[in-house]
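Structural description and commentary
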Amino acid sequence: MLEPERHQIILDLLKKQNTVKLQELVELTNSSESTIRRDLSQLEKQKLLKRVHGGAARLQNMLQEPTMVEKSSKNVQEKRLIAKYAASLIEEGDSVYIDAGTTPFEMIPFLPSDIVVVTNGLMHVEALLSRNIKTFLLGGYVKPTTKALVGRSAIESLKNFRFDKCFMGVNGIHPDYGFTTPDPEEATVKQLAITLTRDAYVVADESKFSEVTFARIADLKDAMIITNAIDKEIQSQYERETTIKVVSA
């Protein structure tokens, strides 16, 4: 089978099912694994898909932003695994910023109690208070989709704090375009929090790699990445810019 035919088969299949397995493509095209890996690499360079562990996935729309309910139901075990490790980095007496994302939310059950937390996550507050953790909530406009506090008031209140550590959720992690999220207002809050902390961490499952969304948050060098998995073929691209901790069960 000619290369253009294989490429079209791969792209057509992704339109139907969002993700495809390497072995599935090998069988469908009657090609070798090395040939399909080369095809996926070429298509990724053309920004037509992204490689993931064991296959490929369709790129999301740059403005697409799932709701908290939608995000909280995806990759739950992976997020919890990441969150537990991330929380283990926090020491008693730390001042911590916890972003409004779903993976940062999963950190809350594992946090030490003798810390101070600042957050822009409206949905985080009840869980933090149930742990008797001293909590500060930023002011601002509440986004209906992510329940994040954003806008000028959020920025102004955030400027009053400094942090030992901050933990960020993101929608995209890319070796060239860094950390991104669909909403510029949320990106601004995340960006400021990173500048106000001693150690910054991005907590994100493997689905976020090679994605690019509308608004830039920061460069890869500005935060360490904590994830559950990353394709070995692309890992070196990221490790040239930042540190990656892969947490396994």
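Presented here is an overview of the structure given in this document. (Residues numbered from 1 in each chain as written. Predicted model: local features only at pLDDT ≥ 70, side-chain atom pairs only at ≥ 80, totals over all residues. Heavy atoms only, no water.)

1. Some thoughts on unusual backbone geometry
Phi is positive for Asn30, close to 55 degrees, though the residue is something other than glycine. Within the fold, Asn30 resides in the loop between α2 (22-29) and α3 (33-45). The class of Asn30 is exposed, set by a relative accessible area of 73%. Positive phi is not limited to glycine here, since Ser210 has a value of about 70 degrees. Note on placement: Ser210 falls in the loop between β12 (197-203) and β13 (215-218). Among the residues examined, Ser210 registers a relative accessible area of 11% and is labelled buried. (Helix = DSSP H or I, 4+ residues; strand = E, 2+ residues; numbered from the N terminus. Buried < 20%, exposed > 50% of the residue type's maximum accessible area, 1.4 Å probe, protein only.)

2. Things to note about the pairing of β12
Where burial is concerned, most of β12 is hidden: five out of the seven residues are buried. For strand β9 (residues 163-168) and β12, the ladder comprises five bridges, and the chain directions are parallel. By the bridge assignment for β12, Lys165 is matched with Asp199. Here β12 pairs with strand β14 (residues 224-227) via three bridges, running parallel. Bridging from a neighbouring strand, Val203 pairs with Ile226 of β14. (Pairing = 2+ DSSP bridges.)

3. A look at the sheet that holds strand β10 (residues 172-174)
Whether parallel or antiparallel, the strands of a sheet pair through hydrogen bonds between backbone atoms. Within the open sheet, the three strands sit side by side as β10-β11-β13. Their pairing is antiparallel. Because the sheet does not close on itself, it has two edges, and the strands there are β10 and β13. Taken over all neighbouring pairs, the strand axes of this sheet differ in orientation by 35 degrees on average, direction set aside. On the sheet, helix α9 (residues 184-195) packs against β11 (178-181) and β13 and is oriented at approximately 10 degrees with respect to β13. (Axes fitted to C-alpha atoms, helices over the stretch in contact; angles between N-to-C directions. Contact = heavy atoms within 4.5 Å.)

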